[in-house]
Amino acid sequence: MNAIEARGLSKKYSGFQLRDVSFTLPEGSIMGLVGENGAGKSTLIRLIMGAAAADSGQVTVLGTQTVSPKFIKAKDDIGVVLDEAHFPVSLNAAQIGRIMGDTYSRWDQGEYARLLQRLDLPEKKTIKNFSRGMTMKLALATALSHDARLLVLDEPTGGLDPMVRDEILDILEDFTRREDRSVLISSHIVSDLEKLCDYIAFLHKGELLLFEEKDRLLEEYGVVKLSEADFEAVPKAAVKGARRGKYGVEALVDKSVAGSVRAEKPTLEDVIIFFARGNRE
Amino acid sequence: MKALLRKDIYVILTQFKLLFLVMIIFSVIPGGLFVPFTFIYSTMLSGVSIMSIDEQSKWDSLALMLPYSRGQLVTVKYIMGWLALAVALVLSAVCQCLWAALGSVPLPDGFAAQLCVFSALALAVQAVTLPVNFCFGIAKGRIATIVVVAFIGALVGATMGEGDGFYTLIKVTSSIPGPVYTVLAAALCAATIPISVAGFRRRAEK
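Here goes a summary of the coordinates provided. (Residues numbered from 1 in each chain as written. Chains lettered and ligands numbered in written order. Predicted model: local features only at pLDDT ≥ 70, side-chain atom pairs only at ≥ 80, totals over all residues. Heavy atoms only, no water.)

**Describing the overall build of chain A**
Next, step 1: When helices and strands are tallied, chain A shows ten helices and 13 strands.
Next, step 2: For chain A, whose C-alpha radius of gyration is 21 Å, the value lies close to the compact-globule estimate of 19 Å for 281 residues.
Next, step 3: Oriented by its inertia axes, the alpha-carbon framework of chain A measures out at about 65 × 40 × 40 Å.
Next, step 4: With 281 residues in all, chain A has 55% of them scored as buried.
Next, step 5: Sequence-distant contacts in chain A: of pairs separated by 6 or more residues, those separated by 24 or more amount to 68%.
Next, step 6: Where the 38 positive side-chain charges of chain A centre and where its 43 negative ones centre are 4 Å apart. (Helix = DSSP H or I, 4+ residues; strand = E, 2+ residues; numbered from the N terminus. Rg over C-alpha atoms; globule rule 2.2 N^0.38 Å. Buried < 20%, exposed > 50% of the residue type's maximum accessible area, 1.4 Å probe, protein only. Contact = heavy atoms within 4.5 Å. Lys, Arg positive; Asp, Glu negative; His and termini not counted. Charge placed at Lys NZ, Arg CZ, Asp CG, Glu CD.)

**Side note on the interface of chain A and chain B**
Next, step 1: Residue-level contacts link 28 residues of chain A with 25 residues of chain B.
Next, step 2: Applying the counting criterion to the chain A and chain B interface returns three salt bridges.
Next, step 3: Salt-bridge contacts for Arg6 of chain B lead to Asp102 of chain A; the nearest nitrogen and oxygen are separated by 2.6 Å.
Next, step 4: Put simply, chain A and chain B have ten residue pairs in polar contact (both at pLDDT 80 or more) between them.
Next, step 5: Elements supplying a minimum of two residues to the side of chain A that touches chain B: strand 1 (2–13), helix 1 (41–48) and helix 3 (93–103) of chain A.
Next, step 6: The element that contributes the greatest number of residues to the side of chain A that touches chain B is helix 3 of chain A, accounting for six residues.
Next, step 7: By residue class, the composition of the side of chain A that touches chain B is 16 nonpolar, five polar and seven charged. (Salt bridge = Lys/Arg side-chain N within 4 Å of Asp/Glu carboxyl O. Polar contact = N/O pair within 3.5 Å; in protein donor to acceptor, adjacent residues only side chain to side chain. Nonpolar A, V, L, I, M, F, W, Y, C, P; charged D, E, K, R; others polar.)

**So, the pairing of strand 13 (residues 248–254) of chain A**
All names here are of chain A.
Next, step 1: The buried fraction of strand 13 amounts to six of the seven residues, a majority that puts the element mostly inside the structure.
Next, step 2: Relative to strand 13, strand 11 (residues 221–226) runs antiparallel, the two being bridged by six bridges. Note that in strand 13 the partner of Gly222 across the bridge is Val253.
Next, step 3: Here strand 12 (residues 239–245) runs beside strand 13; their pairing, made up of six bridges, is antiparallel. (Pairing = 2+ DSSP bridges.)

**A short note on helix 4 (residues 109–118) of chain A**
Helical geometry note: an α-helix holds 3.6 residues per turn, so side chains three or four residues apart project in the same direction.
All names here are of chain A.
Next, step 1: Within helix 4 the residues assigned to the buried category are Tyr112, Leu115 and Leu116. One side of helix 4 carries all its buried residues, which in axial view fall inside an arc of 100°. Across helix 4 from its buried face, at more than 90 degrees, point the exposed residues Gly110 and Gln117.
Next, step 2: Its side-chain oxygen at 3.1 Å from the backbone nitrogen of Gly110, Asp108 defines the N-terminal cap of helix 4.
Next, step 3: Positive phi shows up at Asp120, right after helix 4, with a value of about 60°. (Arc of directions from axis to C-beta.)

**Description of the packing of helix 3 (residues 35–57) of chain B against helix 5 (residues 70–101) of chain B**
Residues and elements named next belong to chain B.
Next, step 1: In contact at an axis separation of 8 Å, helix 3 and helix 5 are set at 150° when each is read in the N-to-C sense. The angle between helix 3 and helix 5 places the two elements in the roughly antiparallel class. When the axes of helix 3 and helix 5 are compared, the crossing they make is right-handed. Contact residues: Val35, Thr38, Phe39, Ser42, Thr43, Ser46, Gly47, Ile50, Met51 and Asp54 in helix 3; Lys77, Met80, Gly81, Ala84, Leu85, Ala88, Leu89 and Ser92 in helix 5.
Next, step 2: Tallied by class, the residues present in the contact of helix 3 with helix 5 amount to nine nonpolar, seven polar and two charged. (Axes fitted to C-alpha atoms, helices over the stretch in contact; angles between N-to-C directions. Parallel < 35°, antiparallel > 145°, perpendicular 65-115°, else oblique. Left-handed = near helix turned anticlockwise from the far one by under 90°.)

**What to know about the environment of Leu193 of chain A**
All names here are of chain A.
Next, step 1: Summarising the element assignment, Leu193 is placed in helix 7 (residues 190–196).
Next, step 2: What makes Leu193 buried here is its relative accessible area of 0%.
Next, step 3: If we skip the residues at most four places from it in the chain, Leu193 touches Gly32, Leu33, Val34, Ile185, Ser187, Ile200 and Leu268.

**Description of the pattern of salt bridges**
All names here are of chain A.
Next, step 1: The final tally for this structure, using the stated rule, is 29 salt bridges over all chains.
Next, step 2: Residue Arg165 pairs with Asp192 through a salt bridge whose shortest N-O separation is 3.2 Å. Of the two residues, Arg165 is situated in helix 6 (residues 162–175) and Asp192 in helix 7; the sequence distance between them amounts to 27 residues. Across this residue pair, the class does not change: Arg165 and Asp192 are buried.
Next, step 3: For Arg177, the salt bridge goes to Asp174, with nearest N and O atoms at 2.7 Å.
Next, step 4: By relative accessible area, Arg177 is classed as exposed at 65%.

**Some details on the nonpolar core**
Next, step 1: Counting 143 residues, the largest nonpolar core has Leu138 of chain A together with Tyr68 of chain B as the members making the most contacts within it.
Next, step 2: Among the elements that line this core, the one with the most residues is helix 6 (residues 111–161) of chain B, at 13 residues.
Next, step 3: Setting aside residues up to four positions removed in sequence, Leu138 of chain A forms contacts with Phe87, Ala93, Ile96, Tyr112, Leu116, Leu121, Ile127 and Phe130 of chain A.
Next, step 4: Ranked by size, the runner-up nonpolar core spans ten residues in total, among them Val224, Leu226, Phe231 and Val249 of chain A. (Core = buried A, V, L, I, M, F, W, Y, C linked by side-chain atoms within 4.5 Å.)

**Some points on unusual backbone geometry**
Residues and elements named next belong to chain A.
Next, step 1: A positive phi angle, near 50°, is found at Leu62, a position not held by glycine.
Next, step 2: On the accessibility criterion, Leu62 (7% relative accessible area) is buried.
Next, step 3: Phi is positive for His86, which is not a glycine, with a value near 65°.
Next, step 4: By the element assignment, His86 lies in the loop between strand 6 (78–81) and helix 3.

These figures capture arrangement, not role.
Put into structure tokens, the structure is as follows:
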């Protein structure tokens, strides 16, 4: 079974449009969703979670179409972390635990208590007295305490210090040790995704420019640094994006069509930035 | 639904202690003059106040991704209003009966019927304010709420200003059994739930 199947998803808002997004995330995989602010990451996540209705296209999550009434029950298998806790700030972690206990059929209070302890979160302190890092850790603890098969995270590490980010990434790695568990995570911090993900999706101005296995992506593409003259000899079809400077051209190329030009292994950030640049040009 | 009720009760208990205080003070005042206000205030504010807290914390964005239906997310606000009304009703009835038993202020004629009519009034206000808040959001909904409350206040004030107008009104309305009003208002409230769900859905799509 696939964790997520999106086919031709489109959604129009005033001033923004998500256009014809299709991808398949196999069960047991981790997908990183990258894109600048306003690229449509949160809109896509809302469509995937059935929080908004697509204008066209369809999404199936864990075998259930999001437009089906059965999808509400299917959400029992999904853990969600948004960019903030989104819990009323007058509540505390113990109260949130009891609310979630009534929400999810497989809620494990013992696991929740263990996670709170691991993440050093006080049970009785109200959320309004939490730091941003603590708030995000609380959101993660609630998403991980009901034996979810799919975790959907929208910018969970944004605005966090490196230590907290690392702690969160560790927990996500633990979560994916079981083979039937999948993750969809959106983030601006490409280095986090590079560590964690099997698949990378790149949204740019509402269009899915890229959906590829991460290892294949880093294998298929390379970064070349050439003089203007040498760069002109590179087949145009190979160039995915280029940056011109005083001393020549730096470009991302598809190695299978670039010919004999010597290319260095790119980072995920190189790939994303050059793809965005190529699309702009 | 149990989870949503639990969440809203926690919010009320942690953020709206003043609501209870006002409810108790107005219920205790002898003579029952403040009973209609207590009923309307409790019913209306419990739902709308929680909605404003939800909006501040962006709870709805998360809730729409959890295993709750839109119908449940809306209905729970109605139920919170009904629970608050039930508490205010019991509190007012007990307090006014206690005053009467102590011999300080006698119970007005048709007190039980009055409680039913006031409950109906509170439910009718809820039937107007909740759909407005769900359809247009808390900011615009608040204005509508103020307008409705001001209108009712003016109506009550005008009838009370006409000699025994208020009690005449009560007498007239008492010719129909009180519970009939309550049942009709409850039915009106229930009928507005689909409107609120549609408004909530439309706003969530924005």
